[in-house]
Each structure stands twice: as C-alpha cells, then as structure tokens.
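Spelled out from the first residue to the last, the chains are:
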Amino acid sequence: MNEETVGEPSEKSASQKTASASTSMTLASAALEPNDTATAAGQQQQEQRPTTSAGPPTTSAAHHQQQQQQQASSTPDGGPQTPKQKPQQQQQQQLPPMPQLNANDMRELREIKQLLWGDNVREDVFKRWSQGFEFSDYEPSALVQKQGGPCAVIAPVQAYLLKIITMDTHEFRLSEITPAECKRLLIQALCNILRNCRAPRYRLVQLHRHRISSDNQATKERATTSGTAAAAAAAVGAGTGAGPNANEVDEEAEEATPETVDHLTGKDNKGGQDSSEHHPDRDLTPEEFHARLYTLHFLDGPTVARYFGDHYNQLTDTYGVMLFMYSVFLTKGIELVAADISDTSEPIIHRTFGYGGQSMINLMLTGRAVGYVWDHEQDVGGLKLRGICEQSDIGYITTMEQMRYCTVGSFYKNPRYPVWVMGSDTHLTVLFSHEKKLVSPETPSEHGRRVFKSYDPEGNNFIASSLLREVLAQLNLVSEQGYVNLMMKRLDPENLGIILLNAFMEEFFPCERHSAPDTFELMHYNGIPGSNDNNKVRYYCGSAILLEGDLKSICASNPMVTCLQTKWPNIEINWHDPWHTPSLN
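The sections below set out a description of the structure shown in this document. (Residues numbered from 1 in each chain as written. Predicted model: local features only at pLDDT ≥ 70, side-chain atom pairs only at ≥ 80, totals over all residues. Heavy atoms only, no water.)

**A closer look at the packing of helix α7 (residues 151-168) against helix α8 (residues 179-195)**
When two helices pack together, their arrangement is captured by the angle between the axes and the distance separating the axes.
(1) Moving on: Across the interface, α7 lies against α8 with an axial gap of 8 Å and an inter-helix angle of 110°. Viewed along their axes, α7 and α8 adopt a mutual orientation that is roughly perpendicular. For α7 against α8, the interelement crossing comes out right-handed. Across the interface between the two elements, P156, V157, Y160, L161, K163, I164, I165 and D168 from α7 touch R184, L185, L186, Q188, A189, L190, N192 and I193 from α8.
(2) Moving on: For the contact of α7 with α8, the class distribution of residues is 11 nonpolar, 2 polar and 3 charged. (Axes fitted to C-alpha atoms, helices over the stretch in contact; angles between N-to-C directions. Helix = DSSP H or I, 4+ residues; strand = E, 2+ residues; numbered from the N terminus. Parallel < 35°, antiparallel > 145°, perpendicular 65-115°, else oblique. Left-handed = near helix turned anticlockwise from the far one by under 90°. Contact = heavy atoms within 4.5 Å. Nonpolar A, V, L, I, M, F, W, Y, C, P; charged D, E, K, R; others polar.)

Below you can see the structure in the form of structure tokens.
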C-alpha cells in the first residue's frame, strides 16, 4: 500500500480532537494482502470517502492554501461544491468515513509475519498456535495450553498473572479466585507485557470477522457500516492534538468509534452478539487469518484494559494468543525488534516443532527481543551479543544452562518478584512462591559472588589470577597493584595461576549470610493437560530446603531438580503430591 492512500485530517476534525481531553483510540485496517490488491482497495476507498476528509498528504504550501479555499466553499457536510460532485452528494451522505488503511502498520505486519514464520507458514504449526486464553476448570487462575508451541506466549502471560497475585495478596488463596477476578488478572497481565515495550502508543492487532475484499461492492459495504462521522469519532476518542507527533498519528489512522470497533469485531451494537460471517471457532488458513488483520491504536494502558474488557471474546476466541503475540511485536516496532535480534535469517517460531525462540521469550518477559539470557552484553569472538540489560519483573531459569548451552545472568535469576519461567529443551513452565525474601535485595557477599562468577562464564568456580584486579575494581575494593600482588600470593599460595571462589569469598566476605531463607514453599505450573495428573491443569506445591555448602548432586533423571539447582545449587525439594511429580515437559 502506498503513502498516497493515507489522508490528512480535516481542519474541523483536528479542532475537535484538540478540544477533547480523553485518550484517543485510533483505528487502521491492516490486511496482509498483496501490495497491488491492497493499493487498489485503498484507491477505491479513497474515491468513495466523503469529502469531509482531505486528500493525500503533501508538504507544499500551495496545497494547503488550495485545501483551505476548498473548505471555505464547501457544502454543509464538508464537500466542495463542484458540478461533478453534486449528483453524488446524496450517495456520499449515506457513507460515513471509513478509517483509512494504515500503510505503516501494514508494512510492519508483513515484516513481523516474515520474522515469525519465515517464507511459508506451515498449516500444522499454525493450527497448534490457534487457541485463545482459556482457564483451567480445576485451577481458576491457571491457563490451559492445548498443544505444543504457544508456551512462549502463554507461560510469560501466566507468569505475569501470578506476579500480580503475589504482589497484591499476602497469602495464597488461589482456589477462591472468581472467574471475574481471573478475567481482570489476565487483562492486567497482558497490559503489563505491552507496557514493558516502552512504546509511545499501544498498537493492538485484531481479527476482522468479515472477509476483507478488494472489490468495489465490498468496499462500499465496509464504508457504510464501519463507522460514524468524523465529529463523532473525535468526540469519543480524545486526542490532545497538541503533542509533537499528533499530526503523524492523524496521518496514519483516523479515530475509531465504539460502533466502528463493534462492527469490525463482529458485534452488533444492541446485544453484543456475534453477527459476523465468520464464526470465531471456524478454522482459518494462515492466508485467511493474515488477510483479516487490522490494528487499533491507544495512547495509554487504562484505555487498552477497558478495550480488552469490552471485547474479551477477542482474547478467548480461537486466535487470541496469536493476536496478542502480534500486538506485542507491533507495539514494540519491527525496527526495534530486528535491532534486538540482530540475526533474522531464521524465523522466531521453529518451522517444524512450532516453539518460540529465545527472542520471543525475552520480548514477552522484558520488552526486549534480545537473543541471549546473560547480563548486559558479552564479547564472543569479537561480536557484541546483547543479553538482559536490567533486573526483570519475572525471572528465567533453564535446564539448558546445566548442559552448558547458555549462561543465565543475575538479572533473570534474581527478578523483582518470586516468579520464574522455567525452560526445558521442549517447553516452558512457571515456578512461583509467596516467599518475598527469595527476591530480596542482594547482600554484599551475594554481589561479590555474582561479580566473581561473571568472570567465570564456564562455571568452574575459579578464575585466572590475572583477573583478580578487575574483580576487585568492579567491587569497589582496593585494587592497587601492590595490594593485588599480595592477595594473589595469599589466595594462590601454590602459584597455580587460579583463584578459587571459596577462597575469594572467605577472604573478602568472611561473614557471608544468604538473604534467602533456608526453607520455603514453591509452586509449579504446567499448562499442558497431558503433563498434569489426570489431565487436570493445576498448581503443584513443594517444600524446598537449602542445604549447607556449595556441593550439589547432578541428577540427570530429574530435570526439575537440575533446573532448580541453576538458581539454588544446594536445593532439595519434596512435592506434596505423592502420586505426581511436576514435569518441565
């Protein structure tokens, strides 16, 4: 779609937007059709739009002067009095303004589709991702994952939902949460993830319940039923009109009224019933799905939450998970996502198995689509590979670290809330606790241990003696060369060229005290019914104890303990259910 299909707001509409004080919601149809088809549809739509909307944007002063002259000689409904137009005035008055095609959103959605799926979307993988957000019948606040694949979205959403519970309540009473409360928690969790993108506005991707057609008649029908007059749209949405990007936003998409949104989502305005041609449960092909996408723009989180509440069926219907995934990527922006990923040669969603890559997991958890889980960035063979740049609300631990495939940094292992996404080689689950002390601020000794281990990326519990001065300098300890030489002789008396972690800690932090308690309760969630006892998705509780010393036993037959030991090396846990051990797969 070319830029010429994007119109400027009229002077009347702009003044109404300026006078409004509420938050604006903008709408743009963004169907992922071939460029020539979309362009043709946009040109037909532009011809049929009422003359209350101005022509294509331009920067020439002559054009603005000509536009003002046309507005001065316009008819009461805003159209210029020209002989050619008079025979069509009656027809145009029956066609309310159709929100313009958003060329920028269309381009980004095409690129996001390519980034996620690659050149072709495999239909079997697409079907595994085709599910809505659905709660378990046996655990009110636990989301169900129907098939393998979408855990890269569902697990982070579940983690944020549990974060809200642990943040708002002093005790766990998970079985007493009502359906209405679960709905509120889900919406709040989704808004948390979108907010992490730190974007100037939220761009939600939604599914048009009617098939988007490029022929003239379909365009007329859409224009007739998809919105009210521009003045009504400006009254509902708020645009301040005074910000530096106000004109840019208006050029991309017009404001949407509730009537417009209800039509696009397949609801009538009376009873909220689905009056669409497409039943939400009918399977769409990947091509049909992407051809029906459109976007909604919001300027603040509370407006997004209200929209989710009013159109909750969009979240629970067949494609709710994918629509939210696209919304996160679009809100973040394809340029920023691509810059974070660096290597875009392979699709984020695995072509065969359908699981989401680490970039998607990191985007959902932190708002950045970086491909690594260590702290900050690391130099690997001259390449600067970026990881997690700050402490996250939600943590992440994985069995892949014990296998030496990756190194999880302190920002992920020590999040702000006692909730961790747990990764295996095939699936994502969630670990959480009501024990707030598990994520209390670092003690000096814990900080010293973390800095020391940052110079030991292979986890050998020792560093080269030549690195001692850098470690001391980073800890703000004495790092003069004479003192460092003295410490090297003391910590490496046999002159082996290495300094052990235990010797370092005993010398500089002799009174080490762990901030975490020695015993605490942990709970585990796995959204796949088949991984739960009797196919009932619910939480499993266990009692954990931290043993003395740094020695740990490697138990390859118990991936759960192996994963927990990457966070707590000396942990043991006894699950309360004697008949079922929680699974990471």
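**Thoughts on the environment of G497**
(1) Moving on: Topologically, G497 is positioned in the loop between α23 (481-491) and β11 (498-500).
(2) Moving on: Between the C-alpha atoms of G497 and S465, which are 32 residues apart in sequence, the distance is 5.2 Å.
(3) Moving on: Excluding its chain neighbours within four sequence positions, the residues that come into contact with G497 are I463, A464, S465 and D492.

**Remarks on the sheet that holds strand β8 (residues 419-423)**
(1) Moving on: Strand order in this open sheet of 6 strands is β7-β8-β9-β12-β13-β14, and the pairing throughout is mixed. Edge positions in the sheet fall to β7 (395-398) and β14 (571-575), since each has one partner strand and no second. Within the sheet, the average angular offset between the axes of one strand and its neighbour, ignoring direction, is 30°.
(2) Moving on: The strands touched by α7 are β8, β9 (428-432) and β12 (519-525); relative to β9, the strand with the most contacts, the crossing angle is about 10°.
(3) Moving on: Against the sheet, helix α18 (residues 358-366) engages β7, β8 and β9, with an angle of about 155° to β7. (Pairing = 2+ DSSP bridges.)

**Digging into the pattern of salt bridges**
(1) Moving on: For the coordinates displayed, the defined rule picks out 15 salt bridges.
(2) Moving on: D124 is the salt-bridge partner of R122, the closest N and O atoms lying 2.8 Å from each other.
(3) Moving on: Given a relative accessible area of 37%, R122 falls into the partly exposed group.
(4) Moving on: A relative accessible area of 33% means that D124 is categorised as partly exposed.
(5) Moving on: In this structure, R198 engages E390 in a salt bridge whose closest nitrogen and oxygen atoms are separated by 2.7 Å. Here the residue R198 occupies a position in the loop between α8 and β2 (202-207), and E390 occupies one in the loop between β6 (383-386) and β7, the gap between them amounting to 192 residues.
(6) Moving on: Note on R198: relative accessible area 56%, which makes it exposed.
(7) Moving on: On the accessibility criterion, E390 (33% relative accessible area) is partly exposed.
(8) Moving on: Among the ionic contacts, a cluster of salt bridges with common partners joins D105, E108 and R203. (Salt bridge = Lys/Arg side-chain N within 4 Å of Asp/Glu carboxyl O. Buried < 20%, exposed > 50% of the residue type's maximum accessible area, 1.4 Å probe, protein only.)

**Some words on helix α14 (residues 301-310)**
(1) Moving on: Of the residues making up α14, those classed as buried are G301, T303, V304, Y307 and F308. One side of α14 holds all its buried residues, which, seen down the axis, span an arc of 160°. Facing away from the buried side of α14, by more than 90 degrees, are the exposed residues P302, R306 and D310. (Arc of directions from axis to C-beta.)

**Re the nonpolar core**
(1) Moving on: In this structure, W117, M325 and M360 are the most contacted members of the largest nonpolar core, which totals 91 residues.
(2) Moving on: No other element matches the 12 residues that α7 contributes to this core.
(3) Moving on: Beyond its immediate sequence surroundings of up to four residues, M360 is in contact with L116, W129, A152, V153, M325, F329, I348 and I349. (Core = buried A, V, L, I, M, F, W, Y, C linked by side-chain atoms within 4.5 Å.)

**Re the pairing of β9**
(1) Moving on: With 5 of 5 residues buried, β9 is to be regarded as a mostly interior element.
(2) Moving on: Side chains L428, V430 and F432 project from β9 onto one buried face, and the interleaved T429 and L431 project onto a second face that is buried too.
(3) Moving on: Sheet topology places β8 next to β9; 5 bridges connect them, and they run antiparallel. Each residue of the ladder has a partner; that of V421, found in β9, is V430.
(4) Moving on: Between the end of β8 and the start of β9, which pair antiparallel, lie 4 residues.

**A closer look at the packing of aromatic side chains**
(1) Moving on: Tallied over the full model, the rule gives 18 aromatic pairs.
(2) Moving on: Centroid distance Y307 to F308: 6.4 Å. Interplanar angle 50°. Geometry classified as tilted.
(3) Moving on: Centroid distance F353 to Y355: 6.2 Å. Interplanar angle 5°. Geometry classified as stacked.
(4) Moving on: Of the residues examined, F353 reaches a relative accessible area of 53% and is grouped as exposed.
(5) Moving on: Judged by relative accessible area, which is 33%, Y355 ranks as partly exposed.
(6) Moving on: Among the aromatic residues, ring-to-ring pairing joins W117, F126, W129, F289, Y319 and Y326 into one connected group.
(7) Moving on: Here the guanidinium or amino end of K163 rests over the ring plane of Y417, the centre of that ring lying 5.1 Å away.
(8) Moving on: Note that K183 overlies the ring of Y312, its terminal NZ or CZ placed 4.9 Å from the centroid. (Phe/Tyr/Trp six-rings, centres within 6.5 Å; stacked < 30°, edge-to-face > 60°. Lys NZ or Arg CZ within 6 Å of the ring centre and 35° of its normal.)

**Side note on the packing of helix α5 (residues 103-117) against helix α17 (residues 334-341)**
(1) Moving on: Remark: α5 packs on α17, axes separated minimally by 10 Å, with the N-to-C direction vectors making an angle of 30°. With respect to α17, the axis of α5 lies roughly parallel. Residues R107, E108, E111, I112 and L115 of α5 touch α17, and the partners they reach there are I334, E335, V337 and I341.
(2) Moving on: Of the residues that constitute the contact of α5 with α17, the class distribution is 5 nonpolar, no polar and 4 charged.

**With respect to the environment of D518**
(1) Moving on: Here D518 lies in the loop between α24 (501-508) and β12.
(2) Moving on: A relative accessible area of 53% means that D518 is categorised as exposed.
(3) Moving on: Distance from D518 to I545, taken between C-alpha atoms, is 5.6 Å for residues 27 residues apart in sequence.
(4) Moving on: Beyond its immediate chain neighbours, meaning those up to four positions away, D518 contacts A544, I545 and L546.

**Focus: unusual backbone geometry**
For residues other than glycine, phi is negative in most cases, and the peptide bonds are mostly trans.
(1) Moving on: At N534, a position not held by glycine, the phi torsion is positive, near 60°.
(2) Moving on: If you trace the backbone, N534 turns up in the loop between β12 and β13 (540-546).
(3) Moving on: Residue classification places N534 among the exposed positions, given a relative accessible area of 59%.
(4) Moving on: With a phi angle near 60°, N535 is a residue other than glycine that sits in the positive phi range.
(5) Moving on: With respect to the secondary-structure elements, N535 resides in the loop between β12 and β13.

**Topic: a nonpolar patch on the surface**
(1) Moving on: On the surface, a cluster of nonpolar side chains totalling about 260 Å² of accessible area is made up of V478, Y483 and L486.
(2) Moving on: Looking at the secondary structure, you find V478 in the loop between α22 (468-474) and α23. (Patch = residues over 30% accessible without salt bridge, like charges linked within 9 Å, V, L, I, M, F, W, Y side chains within 5 Å. Areas by Shrake-Rupley, 256 points an atom, 1.4 Å probe, with all protein chains shown as cover.)

**Considerations on α24**
(1) Moving on: Of the residues making up α24, those classed as buried are L501, F504, M505 and F508. All buried residues of α24 lie within an arc of 95° about the axis, which places them on one face of the element.
(2) Moving on: Buried residues in α24 make contact with α21 (444-454), β10 (462-464), α22, α23 and β11.

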